[in-house]
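Commentary on secondary and tertiary structure
Given next are the chains, with one letter for each unit.
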Amino acid sequence: MAAGLARVEAEIAEACRAAGRHREELTLVAVSKTYPASDVRLLAGLGITDVGENRDQEASAKARDCAGLDLRWHFIGQLQTNKARSVVGYADVVHSVDRPRLVTALSREALAAGRRITCLVQVALDGDPARGGARPEEVEALADAVAGAGGLALGGVMAVAPLGQDPGRAFARLREIAHSVREAHPEAVVVSAGMSGDLSQAIANGATHLRVGTALLGRRKPFVR
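Read on for an overview of the structure. (Residues numbered from 1 in each chain as written. Predicted model: local features only at pLDDT ≥ 70, side-chain atom pairs only at ≥ 80, totals over all residues. Heavy atoms only, no water.)

1. Concerning the overall build of the chain
This is how it is decided: Secondary structure follows DSSP: runs of H or I at least 4 residues long count as helices, runs of E at least 2 residues long count as strands, and numbering of each begins at the N terminus. Burial classes follow relative accessibility: with a 1.4 Å probe on protein chains only, a residue under 20% of its type's maximum area counts as buried, one over 50% as exposed, and anything between as partly exposed. Contact between two residues is taken to exist if any of their heavy atoms lie within 4.5 Å; hydrogens are not considered.
Along the backbone of the chain there are 9 helices and 8 strands. Taking the principal axes of its C-alpha atoms as reference, the chain extends roughly 45 × 40 × 30 Å. Expressed as a percentage of its 225 residues, the buried residues of the chain come to 50%. Taking all contacts inside the chain whose residues are at least 6 apart in sequence as the whole, residues at least 24 apart take part in 59%.

Take a look at the structure:
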């Protein structure tokens, strides 16, 4: 695990040099889906502070198991409105806000819990509804909704590079959308983009948060509690 983290950090450092950026501009989110809480503890011991999960049932259990650690939890998967209460209970950042009904549900639960949740608008760059995300033309209105909702803070935008396409072109489009959102909401500076296979392209196009799992933890059969 330490070797995997060292390789990822080296790749990030090289991409930052190529893009003329500083490593401090980037947050590495370790995606621990299918991995046990014990691995999250090991990652924390190696200096990881941000952990991402994409299934509520798994994430909520790990968050409880790791409650004593100083971690920031990111929910990065598609989110059903009926899971909003559970997710608000542990997540600090929700990367996958893609429709008004979800904004309403998260706001209601955040207010009830007395929490303030940072939300990112997920942008669909490939038009595939199965992968989640709002269409680019819907993003600004959705960002306005998040910014105006109680208990929520608009953090910025998120996207997954389309399968079988050049991730650099996709992230360049996301960069344009992020700029448009920041024109109306200067505080929305987060651009969540880039995974194990496309870190360099994401960094070159202004990503601030990288969601990395396989390059850190390798491939494994699904973890069952």
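And the narrative resumes.
2. A closer look at the nonpolar core
What counts here: As used in this record, nonpolar core signifies buried Ala, Val, Leu, Ile, Met, Phe, Trp, Tyr and Cys residues forming a set joined through side-chain atoms within 4.5 Å.
Residues I12, V94, L106, L152 and L210 are the most contacted members of the largest nonpolar core, which totals 66 residues. The leading source of residues in this core is helix α7 (residues 167–184), at 6 residues. The contacts of L106, once residues within four sequence positions are left out, are L79, A84, V88, V94, V97, C119 and L152.

3. Quick notes on the pattern of salt bridges
Threshold: The term salt bridge refers to a pairing of a side-chain nitrogen on Lys or Arg with a carboxyl oxygen on Asp or Glu at a separation within 4 Å.
Tallying each qualifying case throughout the model produces 14 salt bridges. A salt bridge links E14 to R17; its shortest N-O distance comes to 2.7 Å. Residue E14 and its partner R17 are both found in helix α1 (residues 2–19); the two are separated by 3 residues, about one turn of the helix. Overall, E14 belongs to the partly exposed group, its relative accessible area being 43%. For R17, a relative accessible area of 58% gives the class exposed. E176 serves as the salt-bridge partner of R173, at 3.4 Å between the closest nitrogen and oxygen. Here the residue R173 and the residue E176 both occupy positions in helix α7, the gap between them amounting to 3 residues, near one helical turn.

4. Some words on the side chain of E109
This is how the line gets drawn: Think of a polar contact as two N or O atoms within 3.5 Å of one another; within protein, one of them needs to be a possible hydrogen donor and the other a possible acceptor, and neighboring residues in sequence only count if both atoms come from side chains.
Inspection of the secondary structure puts E109 in helix α5 (residues 100–113). Of note is the side chain of E109, whose polar atom sits 3.1 Å from the side chain of R85. Discounting chain neighbours no more than four positions away, the residues touching E109 are A84, R85 and V88.

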